Amino acid sequence: MRQELGYKEKSGQFTKFGQWYADRVQDTQYRDAPWCDMFLAWAADKAGVSDYVGEFAWTPSHAAWFIQKDAWSQRPEPGALVFFDWRGGKSYKGIDHVGVVERVAGKKIHTIEANVDRVWLKRKIRETDKVVGYGIPRLVKAKADQDEIRSTEQPFVSPPRTQTGHGSPFDVLGTPPALLAVMVLTTIILSLRVTRGRGTHRRLAWPWLGRRPSSAPDIQRVPSPRNPFAGEGAAKAQGAAPARPARPRVPAGSAAEHAPRRRRPYDEG
């Protein structure tokens, strides 16, 4: 850009910057048009920063582009594009001229501008009372870099699972309730194995199951003299018929044979 200081337009307001822009947009009317903004487009292209500076020939459109990019400021800084309204307006629609801020000195700015005094590309020292605003290329670049980073931050998307027509019963095994049930069952089995290894369990006698036969030897109960049939119940419990007591035999010719016979009421005399 500085190498072009002192450039002067040719007759008929022709400039090489206008010619370059006309060829770029395929419109010959820009060959001899006001060239302050076309010079900035040419310089940005040579520096490889057109994406951050923009390529315009009409200054209001250029200012609106910076506003849209959220790169518009009221504070000057080196490298910023400065937009002027010679009538002192503050709307981008009334902008007449544009240049580049080279440095800031107090309340004045040092600029490089094209189409100055109608024919020159030169340095100027400007007051800021005619300034509408500043386009900041570095902010355009920062926003572009941020958008590029966000575009690469794609969330991880798991591949779609193949859906079958009918679910399998084994699909339940992978569910959390099934896993919990397996863990509980495993814990119970292990605890039983540990307890069984420590000693023999004693079986409980349940009252409704009846008394189990004892393995002790059978003890034959002797009938009591007072109750000769006391052992009958035990014999019946063991399945044997009770023994009837033998009748004592009376010898012949004993006193019992000659004893008077008791007469029954229905016997005849």
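For the structure itself, consult the block above.
How each quantity is defined
- Residues numbered from 1 in each chain as written.
- Predicted model: local features only at pLDDT ≥ 70, side-chain atom pairs only at ≥ 80, totals over all residues.
- Heavy atoms only, no water.
- Salt bridge = Lys/Arg side-chain N within 4 Å of Asp/Glu carboxyl O.
- Helix = DSSP H or I, 4+ residues; strand = E, 2+ residues; numbered from the N terminus.
- Buried < 20%, exposed > 50% of the residue type's maximum accessible area, 1.4 Å probe, protein only.
- Core = buried A, V, L, I, M, F, W, Y, C linked by side-chain atoms within 4.5 Å.
- Contact = heavy atoms within 4.5 Å.
- Axes fitted to C-alpha atoms, helices over the stretch in contact; angles between N-to-C directions.
- Parallel < 35°, antiparallel > 145°, perpendicular 65-115°, else oblique.
- Nonpolar A, V, L, I, M, F, W, Y, C, P; charged D, E, K, R; others polar.

Student: I'd like a rundown of the pattern of salt bridges, residues and numbers included.
Tutor: Inspection of the entire model under this criterion finds 13 salt bridges. Of the charged contacts in the structure, one is a salt bridge between Arg2 and Glu102, with a shortest N-O distance of 3.0 Å. With Arg2 in the segment before helix H1 (16-25) and Glu102 in strand E3 (residues 97-105), this pair connects stretches of sequence that are 100 residues apart. Its relative accessible area of 52% is what places Arg2 among the exposed residues. Note that Arg87 and Asp85 form a salt bridge whose closest N and O atoms lie 3.9 Å from each other. Look at Arg87 and you get exposed, because its relative accessible area is 63%. Overlapping salt bridges bring together Arg2, Glu102 and Arg123 as one network.

Student: I'd like to hear about the nonpolar core, residue by residue, with values.
Tutor: Generally speaking, soluble globular proteins have nonpolar side chains that are buried together. Counting residues in hydrophobic clusters, the biggest one holds 30 residues, and the most contacted among them are Phe17, Trp35, Phe39, Phe66, Leu81, Phe83 and Leu121. With 8 residues, the single largest contributor to this core is helix H2 (residues 36-47). In this view, Trp35 contacts Tyr7, Glu9, Thr15, Phe17, Ala114, Asn115, Arg118, Val119, Trp120 and Leu121; residues no more than four positions away in its chain are not counted. The next biggest cluster of nonpolar side chains, apart from the first, holds 8 residues, and it includes Val82, Ile109, Val131 and Ile136.

Student: How would you sum up the packing of H1 against H2? Please name residues and give values.
Tutor: Interhelical geometry of H1 versus H2 gives an angle of 75° and a closest axis separation of 9 Å. In terms of their interaxial angle, H1 and H2 are classed as roughly perpendicular. Taken together, the residues of H2 that come into contact with H1 (itself represented by Phe17, Gly18, Trp20, Tyr21 and Arg24) are Met38, Phe39, Ala41, Trp42 and Asp45. Among the residues making up the contact of H1 with H2, the classes are represented as 7 nonpolar, 1 polar and 2 charged.

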